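# Report on the structure
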Amino acid sequence: MIGTVFDIKEMTVHDGPGSRVTVFLKGCPLRCLWCHNPEGLSAKPQLMVKENLCVHCGLCKKGCAHAECQPFSRCIHACPKGLVSISGKLMSSDELAEKLNSYATFLNRVGGGVTFSGGEPLLQADFVAETAKKLPNIHKALQTSGYAPSDKFKMVLEQVDYVLFDLKLANEAEHIKYTGVSNKQILENYRILEKSGKEFVLRLPLIPGITDTPENLKGIASLAGENRVEVMRYNTMAGAKYKSVGLEFQLPDLKSNDVDLSVFKNAVML
């Protein structure tokens, strides 16, 4: 089976227990206004150009015979500053599993593992499940928005040991406004996760004026109950990569607000 991966990061420390190798899978059905991985939104490989450093020499536009460059009408090898690249690589589950299994000895020694992230990894649920089956000796985690058909969620859930599950906005109308989708399916999968017996943590990104309001914090706290919540500080560099993939960052400069975590029964700030 073939999947599309846009990055594999080693030694990540906030993507599950211990030191991890995180696989970023391409494609996401949400359009969160604060997304800091815009290169992961499209499900297809796409051109990335760091325009802010470009001197417009034109070398990348002169054409080439490289097969990997032909779909994009730009040469990804010609830029003297290395500003042109492709986000997204097609990989078989065997190829990805072989690479991830090569880390097994180290990851087990440090109490870490592999995390499937995105984008939204459940958009490639079959590929994730098939790859995970081929990692029998590695701790496996899923980092997800929870937005996927429940049968796909259950299928992947069976193959992982740990889940990092986003809860962004408790109010459905607000969720639609700021992410582009309803949270009904997300909450359905959250209930499945609670009953599954799998170890998990909830994650709340703090977006000033959007997710950090007293109303939303109380709503998320009510949904979380006794479950552990990791509250993620706003990433002020969220918009840095948008121009490189031909997109425009929609949020203005935001200043983080102080928040009262006492509304949660079990929360930490990351």
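Refer to the preceding data block for the structure.
Residues numbered from 1 in each chain as written. Predicted model: local features only at pLDDT ≥ 70, side-chain atom pairs only at ≥ 80, totals over all residues. Heavy atoms only, no water.

### Re the overall build of the chain
Each helix and strand in the chain was counted, giving seven helices and eleven strands. Scaling as 2.2 N^0.38, a compact globule of 270 residues should have a C-alpha radius of gyration of about 18 Å, and the chain matches this with 19 Å. The principal-axis extent of the C-alpha atoms belonging to the chain is close to 60 × 45 × 30 Å. In the chain, buried positions account for 48% of the 270 residues. Put simply, of all contacts in the chain between residues at least 6 apart along the chain, 70% involve residues at least 24 apart. Split by element, the accessible area of the chain, about 13,400 Å² in all, is 52% carbon and sulfur. Averaged over its 32 positive side-chain charges, the chain has a centre that lies 4 Å from the centre of its 29 negative ones. (Helix = DSSP H or I, 4+ residues; strand = E, 2+ residues; numbered from the N terminus. Rg over C-alpha atoms; globule rule 2.2 N^0.38 Å. Buried < 20%, exposed > 50% of the residue type's maximum accessible area, 1.4 Å probe, protein only. Contact = heavy atoms within 4.5 Å. Areas by Shrake-Rupley, 256 points an atom, 1.4 Å probe, with all protein chains shown as cover. Lys, Arg positive; Asp, Glu negative; His and termini not counted. Charge placed at Lys NZ, Arg CZ, Asp CG, Glu CD.)

### Let's talk about the packing of helix 1 (residues 93-101) against helix 3 (residues 125-133)
Between helix 1 and helix 3, whose axes approach to 9 Å, the crossing angle comes to 45°. Relative to helix 3, the element helix 1 lies oblique. Between helix 1 and helix 3 lies a crossing whose hand is right-handed. Here Ser 93, Leu 96, Ala 97 and Leu 100 of helix 1 come into contact with helix 3, specifically with Phe 127, Glu 130 and Thr 131. (Axes fitted to C-alpha atoms, helices over the stretch in contact; angles between N-to-C directions. Parallel < 35°, antiparallel > 145°, perpendicular 65-115°, else oblique. Left-handed = near helix turned anticlockwise from the far one by under 90°.)

### Notes on a nonpolar patch on the surface
Together, Met 11, Phe 106 and Val 110 make up an exposed nonpolar region whose accessible area comes to about 260 Å². Relative to the helices and strands, Phe 106 is located in helix 2 (residues 104-109). Residue Phe 106 is classed as partly exposed on the basis of its relative accessible area, which comes to 32%. (Patch = residues over 30% accessible without salt bridge, like charges linked within 9 Å, V, L, I, M, F, W, Y side chains within 5 Å. Salt bridge = Lys/Arg side-chain N within 4 Å of Asp/Glu carboxyl O.)

### Comments concerning the sheet that holds strand 5 (residues 89-92)
Sheet strands line up and pair through hydrogen bonds in the backbone, either parallel or antiparallel. Spatially, the nine strands line up as an open sheet ordered 5-1-2-6-7-8-9-10-11, and their pairing is mixed. Of all the strands in the sheet, just strand 5 and strand 11 (267-269) have a single pairing partner and so form its edges. Sheet twist, expressed as the mean angle between neighbouring strand axes with direction ignored, is 30°. With five bridges joining them, strand 1 (residues 2-12) and strand 2 (residues 20-25) adopt antiparallel strand pairing. (Pairing = 2+ DSSP bridges.)

### Thoughts on the side chain of Asn 189
Within the secondary structure, Asn 189 is located in helix 6 (residues 184-196). Overall, Asn 189 belongs to the buried group, its relative accessible area being 0%. The contacts of Asn 189, once residues within four sequence positions are left out, are Gly 146, Ala 148, Ser 150, Phe 153 and Phe 165.

### Describing the environment of Gln 185
Along the polypeptide, Gln 185 turns up in helix 6. On a C-alpha basis, the gap between Gln 185 and Gly 112 in space is 30 Å, while along the polypeptide they are 73 residues apart. With residues up to four places along the chain from it excluded, the contact list for Gln 185 reads Gly 146, Tyr 147, Ala 148, Pro 149 and Ser 150.

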